[in-house]
Amino acid sequence: MGKRKVAALEKIDADFASLQYKIRRDPKSYKDDFLKQWEQYESQREIFLMSPTTAAADSVESFHNMIDLIAHVADCYPQETRSFPDDLKAILTQHHATIHPELREKVVGSLVLLRRKEVIDSASVLTTLFPILVSSPSKSLRELLFSKILSDMRNSNSKAINHPLNRTIQTVLYNLVTADRSSPRAIWAIKLTRELWKRQMWTDSKPVDVMKEACLADNEKVAIGAVRFFLGGDKEREELEDESSDDEVDLGKVRHQIGINKKSKKQKEAYKKAVSKVKRGERKKSKPHPLNFSALHLLHDPQDFAEQLFSKHLQNTKAKLSLDSKILVLQLVTRLIGLHKLTVVPLYSWFIKFLTPRQQSVTSFLASLAQGTHNLVPPDVLEPLIQKIANEFVSEASASEVAAAGLNAIREICARQPLAMTDTLLQDLVQYRKSKDKGVMMAAKGLLSLYREVGAELLKKRDRGKEATMGLKASLQQQRKFGEEEAGGIEGLDLLAKWKEEERRRKRLEKGLSATAGSDEEDEKDDGFQSSDWEVDSDGSSSSGEWINVSDSEDEEPAPKKHKKKEQSGDKEEEDEEGREEREAELERMSKLATTTILTPADLAKLQELRTAASVERAMGVRKKAQGSGALHADDGLTAENIEAPARLRKLTKEEKVALAKEGKPEREEHKSTQAIRRSKKAAEGKSTSNREKQRNKNFLMTLGKAKSKQKRSLVEARKVLRGHVERSSRGGRRGNWG
């Protein structure tokens with residue numbers, strides 16, 4: 001009986017599929033058949049709505065097939081089926097919790113199908129599905145609705161950004177978050193916003209406002225989900241973009257595989273797909289780059305947002321957040337303060353009770369404190385914090401990891417506000433550079449090198465170093481005052497100015513002119529030589545018009561010994577003067593390039609190239625003289641790993657050594673040689689072996705005849721074979737290099 005029932009159902013499905021195919025091909029001829037099916041649908045719908053929970057399996061299956069048929073052919077008869085979408089919406093809205101799961105999925109799928117056929121619009125579908133997503137107790141239904149809503153939003157924004165639809169959905173999400181701040185329903189607004197932000201469909205300030213309101217929710221899951229968006233949403237978007245850009249297709253390789261393998265229809269289809277993918281990539285490259293701002297930069301009022309976050313989740317003693325959640329909120333607050341240079345003075349006194357080595361996750365608190373410091377924070381607010389870190393962490397009795405973490409935290413704070421350090425405390429901390437522990441020694445040296453650049457006056461003379469001492473003497477290096485800002489400029493402009501100067505010198509030398517004489521106006525003239533261009537300056541010439549000493553150096557008597565010290569001091573003063581003149585000339589060259597020259601597209605391209613080269617050098621460890629104290633970008637957050645001593649500074653355990661040795665090596669159950677691993681890797685990549693390897697692996701009996709014939713060759717035959725081999729090699733093998 002069961003087999004007969006299954007066979008009958010299969011026959012019904014086949015009949016519906018056949019009717020659907022016929023209607024799609026010729027709607028006018030089969031209109032009467034469709035109207036009969038429509039009448040059956042209406043009668044079954046009325047029977048179903050009378051008792052949706054107690055409907056029989058046969059009637060549910062028949063109603064399921066009717067909905068499927070009409071959804072596929074509704075665009076052929078728009079007048080007759082104009083009430084069909086409203087019927088589906090009513091069934092789904094009123095009875096989604098009670099009807100059969102398969103019928104429920106079919107109703108959802110039919111609504112999405114009607115949207116694809118443009119029978120109804122996206123706003124109508126999404127405003128129907130989203131309330132059910134928020135309120136449904138069924139996990140499978142929620143997953144289905146979320147995937148359908150996300151795919152419909154992607155399809156609606158695929159060709160061009162659908163601003164009306166986006167505004168409608170964003171308003172719905174905003175109202176959902178702000179209507180009830182203690183409800184967990186807003187978690188779906190966070191999930192949807194984060195996905196659409198990651199896929200770069202929503203890039204404006206409206207979704208940022210939705211997440212901002214979610215951060216202030218009373219429900220912990222909702223608030224922490226929104227906080228994680230601000231801390232990691234932009235990174236997810238960049239990673240997704242990098243993954244899509246890395247997926248490039250080598251058409252030459254695909255064409256080669258088709259040429260050497262057996263011809264088939266499957267290979268042709270693969271080649272067509274590869275060509276279309278390459279064309280899509282080219283079209284993407286030709287489009288202008290969208291201005292995707294960070295979510296932290298799109299906030300309307302970051303000062304008010306940071307104050308509300310701090311007072312609601314951190315300062316409030318009635319807040320019931322866990323420690324990990326508090327750390328995440330703290331990271332967001334301090335990231336906002338450091339990025340936008342906000343002033344939230346109560347935050348720094350709140351930090352005092354957490355700055356102790358016994359505090360759980362203390363390195364996260366130290367990193368957050370450093371992250372929330374900038375040059376507009378009053379130094380007297382930070383002085384007690386630095387003093388407490390020094391007292392609690394940096395001492396002879398502290399463990400080496402604790403002391404290194406304390407020194408690293410102090411260095412990161414002082415890199416952002418150097419005025420928070422006192423000379424007495426600095427001289428005490430710098431003495432730890434003589435520690436036997438490498439982590440402590442490097443942390444103290446980092447603090448010392450920082451203050452050689454930003455506040456050498458606080459150091460003793462013996463600790464200042466050569467460059468800082470020369471800079472202080474020449475009045476080129478001074479500690480900034482509170483609130484003083486560095487003059488802004490174009491990043492890498494000094495590199496472009498230096499490159500232009502070198503190019504000017506090279507061109508003059510190629511023309512046979514002096515590398516130093518001449519001006520930019522002369523270089524911009526034609527290549528015609530002038531008489532003044534042939535004058536070469538002597539190394540000993542003076543521009544002041546003084547007499548030149550031309551006496552022979554051998555006839556002069558050596559200088560007396562008592563004048564030796566004076567000469568050495570004079571040489572040092574001359575070196576200081578030369579260094580100051582070089583810096584002033586470089587500053588003058590940069591200001592001239594920035595104020596009097598319009599950068600051409602070629603200059604901008606060269607500027608980008610020089611920036612990239614400089615960043616590569618920094619990544620490879622090439623040190624610069626004036627590299628600057630802040631290694632991190634302003635948009636990058638500070639983590640606990642930056643505060644903790646690096647793992648390479650301590651001795652590794654046996655397990656860590658084994659893991660380090662296995663890193664980068666393939667997993668293998670049996671021992672293989674390097675050549676065997678290489679061959680298996682080539683085979684996995686679809687590459688063949690060389691002719692030499694094939695010949696070596698050939699069966700011995702197959703090569704026996706050729707070996708015997710080689711022994712019987714005469715000298716004439718051997719010469720003929722060798723000559724043929726040389727000719728084939730010169731033309732690129734038997735087939736030749738015709739491509």
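Residues numbered from 1 in each chain as written. Predicted model: local features only at pLDDT ≥ 70, side-chain atom pairs only at ≥ 80, totals over all residues. Heavy atoms only, no water.

Moving on to the overall build of the protein. In terms of regular secondary structure, the protein is built from 32 helices and 0 strands. Counting across all 739 residues of the protein, residues that qualify as buried make up 32%. The contacts of the protein with a sequence gap of at least 6 include a subset with a gap of at least 24, amounting to 69%. (Helix = DSSP H or I, 4+ residues; strand = E, 2+ residues; numbered from the N terminus. Buried < 20%, exposed > 50% of the residue type's maximum accessible area, 1.4 Å probe, protein only. Contact = heavy atoms within 4.5 Å.)

Moving on: the packing of helix α15 (residues 323-340) against helix α17 (residues 362-371). Axis separation between α15 and α17 bottoms out at 8 Å; the angle between their running directions is 20°. What the angle tells us is that α15 and α17 run roughly parallel. Here α15 and α17 pass one another in a crossing that is left-handed. For the pair formed by α15 and α17, the contact residues are Leu323, Ile327, Leu330, Gln331, Thr334, Arg335 and Gly338 on the first element and Ser364, Phe365, Ser368 and Gln371 on the second. (Axes fitted to C-alpha atoms, helices over the stretch in contact; angles between N-to-C directions. Parallel < 35°, antiparallel > 145°, perpendicular 65-115°, else oblique. Left-handed = near helix turned anticlockwise from the far one by under 90°.)

One pass over the structure, following the stated rule, counts 2 cavities of 30 Å³ or more. In this structure, the second largest cavity occupies an estimated 30 Å³ of space. Lining of the second largest cavity is provided by Leu342, Thr343, Val344, Val345, Tyr348, His374, Leu376, Val377 and Pro378. Considered class by class, the residues forming the lining of the second largest cavity number 7 nonpolar, 2 polar and no charged. (1 Å grid on protein atoms, 1.4 Å probe; cavity = no way out; pocket = protein on both sides within 12 Å on 5 of 7 lines; lining within 4 Å. Points joined across faces, edges and corners; volume = space filled by probe spheres on them. Nonpolar A, V, L, I, M, F, W, Y, C, P; charged D, E, K, R; others polar.)

Per-residue pLDDT for the protein averages 78, and the proportion of residues at 70 or more is 75%. Segment residues 621-631 is flagged for pLDDT under 50; beyond a separation of four residues in sequence, or across chains, it makes 9 contacts in the model. (pLDDT = per-residue confidence, 0-100.)

This part covers the pattern of salt bridges. Counted by the stated rule, this structure contains 18 salt bridges. As a salt-bridge pair, Arg45 and Asp87 come within 3.6 Å of each other at their nearest N and O atoms. Here Arg45 is found in helix α2 (residues 31-50), whereas its partner Asp87 is found in helix α4 (residues 84-95), with 42 residues between them in sequence. Accessibility expressed as a relative area gives 18% for Arg45, which makes it buried. When its relative accessible area of 14% is taken as the criterion, Asp87 is described as buried. The closest approach of N and O atoms between Arg505 and Glu501, which form a salt bridge, is 3.7 Å. With a gap of 4 residues between them, Arg505 and Glu501 both fall in helix α23 (residues 493-511), about one helical turn apart. Ionic contacts of the salt-bridge type, sharing partners, join the residues Glu195, Lys198 and Arg199 into one network. (Salt bridge = Lys/Arg side-chain N within 4 Å of Asp/Glu carboxyl O.)

On to the packing of helix α6 (residues 122-135) against helix α8 (residues 163-179), then. Between α6 and α8, whose axes approach to 10 Å, the crossing angle comes to 20°. Taken together, α6 and α8 sit at an angle that is classed as roughly parallel. Crossing hand, α6 versus α8: right-handed. Contact residues: Ser122, Ala123, Leu126, Phe130 and Val134 in α6; Leu165, Ile169, Val172, Leu173 and Leu176 in α8. Considering only residue class, the contact of α6 with α8 consists of 9 nonpolar, 1 polar and no charged.

Before going further, it helps to examine the side chain of Ser138. With respect to the helices, strands and loops of the structure, Ser138 is situated in the loop between α6 and α7 (139-156). A polar contact is formed between the side chain of Ser138 and the backbone nitrogen of Leu141, at a distance of 3.3 Å. (Polar contact = N/O pair within 3.5 Å; in protein donor to acceptor, adjacent residues only side chain to side chain.)

A separate point is the environment of Leu332. Relative to the elements of secondary structure, Leu332 occurs in helix α15. By relative accessible area, Leu332 is classed as buried at 0%. In sequence terms Leu332 and Gly637 are 305 residues apart; their C-alpha atoms lie 9.3 Å from each other. Apart from the residues lying within four places of it in its own chain, the contact partners of Leu332 are Cys215, Val227, Phe230, Leu231, Leu296, Phe305 and Leu309.

What follows is about the side chain of Thr356. Looking at where Thr356 falls in the secondary structure, it is placed in the loop between α16 (346-350) and α17. Since its relative accessible area comes to 11%, Thr356 is described here as buried. Excluding residues that lie within four positions of it along the chain, Thr356 makes contacts with Val362, Glu392 and Phe393.

Once that is clear, we can look at the packing of aromatic side chains. Under the defined criterion, the tally for this structure stands at 15 aromatic pairs. Ring centres of Trp350 and Phe351 lie 5.6 Å apart, and the angle between their planes is 70°; this geometry places the pair in the edge-to-face category. Under the relative-accessibility criterion, Trp350 is labelled buried at 10%. In this structure an aromatic cluster arises from ring pairing among Phe34, Trp38, Tyr41, Phe48, Phe63, Tyr77 and Phe84. Its guanidinium or amino end placed over the ring of Tyr174, Lys206 lies 5.3 Å from that ring's centre, counting from NZ or CZ. (Phe/Tyr/Trp six-rings, centres within 6.5 Å; stacked < 30°, edge-to-face > 60°. Lys NZ or Arg CZ within 6 Å of the ring centre and 35° of its normal.)

Our next topic: unusual backbone geometry. Positive phi, normally seen in glycine, also occurs at Glu118, with a value near 60°. With respect to the element layout, Glu118 can be found in the loop between α5 (101-116) and α6. Relative accessible area serves as the criterion here: at 66%, Glu118 is assigned to the exposed category. In this model, Lys341 sits at a positive phi of 55°, which is unusual for a non-glycine residue. When you line up the elements, Lys341 lands in the loop between α15 and α16.

For α2, built from 20 residues, the straight-helix expectation of 28 Å at 1.5 Å per residue is met to within 8% by its first-to-last C-alpha distance of 29 Å. Residues Phe34, Gln37, Trp38, Tyr41, Gln44, Arg45 and Phe48 constitute the buried set of α2. All buried residues of α2 project into a common sector of 135° when viewed along the axis, lining one side. The exposed residues of α2 that point more than 90 degrees off its buried face are Asp32, Lys36, Glu39, Glu46, Ile47 and Met50. (Expected span 1.5 Å × (residues − 1). Arc of directions from axis to C-beta.)

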